[in-house]
Every structure is written in structure tokens, then in C-alpha cells.
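Chain by chain, the residues:
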Amino acid sequence: VTGFHSAPRAALIAIGTELLADGRHDTNGVTLARILASIGIETVSRMMVVDDEQEIAVALEEASERVALVIATGGLGPTVDDVTREGASRAFHLELHPDERILAALRQRYAALGRTFSDLSARQALVPRGAEILSNAVGTAPGLLLARPHGRLVALLPGVPHEMESMMRDQLVARLTAAWPERPLLSRGIKVAGLTEVEVQTRLGDLLDPLLDQGGGPRRGSVTLLAAPGEVSVMFRGKDEQHLDEIHRQARVRIGDDIFTDDMEAALEAVVGQLLVSRGLTTAVAESCTGGMLAALLTRTPGSSRWFRQGWVTYSDESKISELGVDPELIRRHGAVSAQVADAMAKAARRRSGTDFGLSITGIAGPDGGTREKPVGIVYLSLADSGGSLATRHRFAGDREAIRLIACKTALERLRRRVLSVTPR
Ligand code: ATP
């Protein structure tokens, strides 16, 4: 296997002032990166540039010195603000000349649409010397492909997403696979709950070496660790399927049960729901500081009525007493944010709804309300089942929303752990 870096790498440039000024999303970049991965080309950078000839020239020139493939989209239209052609001409010192075939095709298209063909429209027929023309089957602006020294390529595609995509798929992909016959870039992933990013990396240890620059030896792929509140995703990418599968298998051995799924699209709450269904179990929840977020998560997945029965949002002390029957004495003695009250809430939710489990959350999400003994971020969770209940104390970091979400994810992870220990029916 050759080193990962010998494979071509791509840089994508999205051209258009509206992308920067108006916050329009560069969806072209996402589409292109996905298509490139399927033909084995890794995208290493994406940038946005305003409709400015000099800025476009600098971006194109800089990118084409760095990587083998540059794809720019946008700015190929007929109006004065479309200056991608001029930018490319300036970057690579290629003068622009009108292409007769494009002119003829444009005239024909304008005639067919009953539109007048003007000098402005003719701008779309300007081509940097030596460029290959990519015809536009679904729009007017043709694309352009420039061959650069050392087999490098620079492609200019229209900005309109469906025009860009059809040109990419119908014409450019064949050119790229001819230039670089690569295996597709494959990915494998795991999602982990209850561990921090650093803990996940520590557990993976030297397994990551072949995927890192510092690993020594040729790099055989890449790895990304991504933390979200309460969970960490790890994505392995590479071209050698066997090697990737082996890393994936080893990762599962090293991290074990803390992995809740291999499916990067699957949410923890959906995994918990499926586990409950597979064992014919149900749950109810009682929440304070999360205000219904846990119930919302548990009911986000279609089919949730099979595992979720009921939830209580008992935000005030009075509601904990009147709706869940929590003993006022417990609240007086230990406070509403306590292991004792969390236990009472979880047990009451289970008993009153007749479910297998009762899950509760009570805590201080902040920014106010913390004390020295119970600072902001203190959360008690309890899980009740037929054997009783067990409360745990946590200290979560972050702002109010983060604390609430981590509390819910941690509660879900506790439930998942408990359900895993129940033999499937
Ligand atoms: P046209 O011939 O239609 O003028 P063009 O190449 O000049 O094509 P632009 O004028 O830059 O393309 O953009 C046309 C449309 O495509 C606009 O609505 C723009 O917002 C959208 N667009 C441009 N670039 C992107 C991008 N990177 N991602 C998503 N949409 C884009």
C-alpha cells in the first residue's frame, strides 16, 4: 500500500459574495467533497471567496500550488459580477478568447428560449487559452477545465447547485478517474457515550498511529474525533477496506460497551429505544431542570410509543410533592437537588406509569442558583427498576443548554447500560 499522501488531494473554492455577505450555505462544497470521496479523492480544504477578480486569482493560484485538484464553483454567469473566468485568466496568465462553439450553442439556446442574445451573454463564451470546455446540459454557463503543470487540474463549474452537480457527475468524474485511478475513500465509525474525547483517544492508543501524520510509516488514512454534549464520535477513513475493518474491530475491543452504535446517523435516544423494544421494556421519566428535554429526546424517534409511556415536568417543589408524591420532608432536609429527591422522583414515575423503568433528573442548570455546596452544573440522576433505585451525582460543565443536554444524554446512557444487562427475551 502506498502512502496516503501520494493520492490526489482536492481544494474546493466557492465563489460568490452572497456566500459571505448573506450567509448562504456553500452546499456545492459538501456535494463535491462527497462525490470526490466516492472516487478516492480526499478534500483537504474548502474556502469562500467574494466575486472579485484579484481575490479569485489569488485563491486559485495558491490552491493549485498546494493540491493536485482545485474545483471552483460560481461566478461563470453572464453578468458583470461574474468574474471567475477573468480571475482564472489572471492567476494562470492565460488570455481569454471567445470560443466559437460555445457562442453558437449559446445563440441557439437563447433563440430556443426566445431571449435576445447580447454582448453580456457573449461573456459566457470567453475561455482561457487551452481550457477544455465542459458543456452545460441543464443551464447556460459552460464549465472549464484547465490542465496545469505536473498533471494538476483546475476545474471551474457553475454555481447553480443542480447544474454544478450534473456537470461534475456526467463529465468531470470520468476525467478525474482517468487521471487518478483511485480506490474510493471509505469510512467506518463508532459513537461513544459516557467518555470524554481524551478518554476515547487514550483507550484507542496506538491503534490510531497508522492514521496520523506523527504515527511514523506511511499514513494509511485519517481519523476524526468529534465531541458533542454527552457523546463522542470517531470516524476512521481510508482506502484499504481490510485495514479499515481491522481498525474498526480493534476499536470495538478497546472501547467495548461504551460504544452505543457503529451507525454515525443513529442518535443515543434511538439506540436506547430500540434496546427497550428488543427486550419488551418500557420507561417513564420525571424531570426538573431539563424541563421535558428527556421526554422530547425519547419521543423523537418514530415508534417511541412502544417504549415511552409518560413524563412529568415537575419544576417546582410543590409540583414534585403534588404530582409525584415526593415527601416534603425529603425536600426540606436534602433540597430538591439531591440524591434522595432524584430517587423519589424516579420511583414515583415508574410506579405511577406502571413501566419497567423510571428515570429522573434534578439539578442546577444555571447560570444562577448555584451554591458552594451545590454549584451550577450539579445534577442528580436516578434510575428506578423492580429492584429499587440508584441515584448518581454529576458535575457537568458548559452553559445552561449544554448542561441540560449532557444531563439527558447521561441519563439515557444509564438506561442503556441497565437495559444491556437485561437478557433479551
Ligand atoms: P449562472 O450562470 O446561473 O449565473 P454562476 O456560475 O454565475 O451561474 P452564481 O451566479 O455564482 O453562479 O450562482 C448562481 C446561484 O447558485 C445562486 O443562487 C447562488 O446562490 C447559488 N450558488 C452559488 N455558489 C453556491 C455554492 N457554493 N453552494 C450553493 N449554492 C451556490
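Residues numbered from 1 in each chain as written. Predicted model: local features only at pLDDT ≥ 70, side-chain atom pairs only at ≥ 80, totals over all residues. Heavy atoms only, no water.

### Some thoughts on the overall build of the chain
So, step 1. The helix and strand tally for the chain stands at 15 helices and 17 strands.
So, step 2. By the compact-globule yardstick of 22 Å for 425 residues, the chain is too spread out, its C-alpha radius of gyration being 29 Å.
So, step 3. By its C-alpha atoms, the chain is 90 × 50 × 45 Å across when sized along the principal axes.
So, step 4. Relative to its 425 residues, the chain shows a buried fraction of 51%.
So, step 5. Approximately 19900 Å² of the chain is accessible, and the part contributed by carbon and sulfur atoms is 51%.
So, step 6. Within the chain, the 53 negative side-chain charges are centred at a point lying 7 Å from the centre of the 51 positive side-chain charges. (Helix = DSSP H or I, 4+ residues; strand = E, 2+ residues; numbered from the N terminus. Rg over C-alpha atoms; globule rule 2.2 N^0.38 Å. Buried < 20%, exposed > 50% of the residue type's maximum accessible area, 1.4 Å probe, protein only. Areas by Shrake-Rupley, 256 points an atom, 1.4 Å probe, with all protein chains shown as cover. Lys, Arg positive; Asp, Glu negative; His and termini not counted. Charge placed at Lys NZ, Arg CZ, Asp CG, Glu CD.)

### Some details on the confidence of the model for the chain
Low pLDDT means the predicted coordinates in that region are not meant to be read closely.
So, step 1. Averaged over every residue, the pLDDT of the chain is 93; the share at 70 or more is 97%.
So, step 2. Across residues 1-5 the pLDDT falls below 50, and counting only partners more than four positions away or on other chains, this stretch makes 12 contacts in the model. (pLDDT = per-residue confidence, 0-100. Contact = heavy atoms within 4.5 Å.)

### Some details on the packing of helix H8 (residues 197-204) against helix H9 (residues 241-255)
So, step 1. Close contact between H8 and H9 brings their axes to 9 Å; oriented N to C, the two are set at 115°. Taken together, the axes of H8 and H9 lie roughly perpendicular to each other. Here H8 runs over H9; the crossing is right-handed. Taking contact as the criterion, the partners of Val200, Arg203 and Leu204 in H8 are, on H9, Ala251, Arg254 and Ile255.
So, step 2. Residues of the contact of H8 with H9, tallied by class, amount to four nonpolar, no polar and two charged. (Axes fitted to C-alpha atoms, helices over the stretch in contact; angles between N-to-C directions. Parallel < 35°, antiparallel > 145°, perpendicular 65-115°, else oblique. Left-handed = near helix turned anticlockwise from the far one by under 90°. Nonpolar A, V, L, I, M, F, W, Y, C, P; charged D, E, K, R; others polar.)

### Side note on the site of the ligand
So, step 1. The full set close to the ligand counts 19 residues, and Arg24, Asp26, Gly75, Gly77 and Gly159 are the nearest of them.
So, step 2. In the environment of the ligand, an oxygen atom lies 2.9 Å from a nitrogen or oxygen atom belonging to the side chain of Arg24.
So, step 3. In this structure, Gly77 approaches the ligand through a main-chain N or O atom, which is 2.7 Å from an oxygen atom.
So, step 4. When the ligand sits alone it has 610 Å² of accessible area, and the protein chains cover 81% of it.
So, step 5. When contributions to the shell around the ligand are tallied by element, the ones reaching two or more residues are helix H1 (17-21) and helix H2 (27-38). (Near = heavy atom within 4 Å. Polar contact = N/O pair within 3.5 Å; in protein donor to acceptor, adjacent residues only side chain to side chain.)

### Structural notes on helix H10 (residues 268-278)
So, step 1. The buried fraction of H10 is high, at eight of 11 residues.
So, step 2. By the burial criterion, the buried members of H10 are Leu268, Glu269, Ala270, Val271, Val272, Gly273, Leu275 and Leu276.
So, step 3. Positioned one or two residues after H10, Gly280 has a phi angle of 65°, which is positive.

### Here we look at the sheet that holds strand E7 (residues 143-148)
So, step 1. Strand order in the open sheet made by the six strands is E2-E1-E3-E8-E7-E6, with mixed pairing throughout. Both edges of this open sheet fall to strand E2 (42-49) and strand E6 (132-134), since each of them pairs with a single strand only. Across the sheet, the axes of successive neighbouring strands diverge by a mean angle of 20°, strand direction being ignored.
So, step 2. The sheet contact formed by E7 and strand E8 (residues 152-157) spans five bridges and is antiparallel. Paired with Leu145 across the strands is Ala155, a residue of E8. (Pairing = 2+ DSSP bridges.)

### Some remarks on the pattern of salt bridges
Charged atoms that come close allow side chains of opposite charge to pair.
So, step 1. This model, assessed by the stated rule, comprises 25 salt bridges.
So, step 2. Between Glu132 and Arg175 there is a salt bridge whose closest N-O contact spans 2.3 Å. Of this pair, Glu132 sits in strand E6 while Arg175 sits in helix H7 (residues 161-179); the two residues are 43 residues apart in sequence, bridging distant segments of the chain.
So, step 3. Lys191 is the partner of Glu231 in a salt bridge, and the nearest nitrogen-oxygen pair spans 3.7 Å. In this pair, Glu231 is assigned in strand E11 (residues 231-238) and Lys191 in strand E9 (residues 186-193), connecting sequence segments 40 residues apart. (Salt bridge = Lys/Arg side-chain N within 4 Å of Asp/Glu carboxyl O.)

### Points about unusual backbone geometry
So, step 1. In this chain, Gly366 is followed by Pro367 through a cis amide linkage whose omega measures 5°.
So, step 2. Positionally, Pro367 belongs in the loop between strand E15 (357-363) and strand E16 (378-385).
So, step 3. Its identity is not glycine, yet His150 carries a phi of approximately 60°, on the positive side.
So, step 4. Looking at where His150 falls in the secondary structure, it is placed in the loop between E7 and E8.
So, step 5. With a relative accessible area of 79%, His150 lands in the exposed category.

### Description of the environment of Ala131
So, step 1. Considering the arrangement of structural elements, one finds Ala131 in the loop between strand E5 (126-128) and E6.
So, step 2. Linking Ala131 and Ala141, residues 10 residues apart in sequence, is a C-alpha distance of 14 Å.
So, step 3. Those residues within four positions of Ala131 in sequence are excluded, and the remaining contacts are Leu144, Leu145 and Leu146.

### Considering the pairing of strand E10 (residues 221-228)
So, step 1. Bridge count between E10 and E11: eight bridges; the pairing is antiparallel. Across the sheet, residue Leu226 finds its bridge partner in E11, namely Ser233.
So, step 2. Adjacent in sequence and paired antiparallel, E10 and E11 are bridged by two residues, among which Gly230 carries a positive phi angle near 80°.

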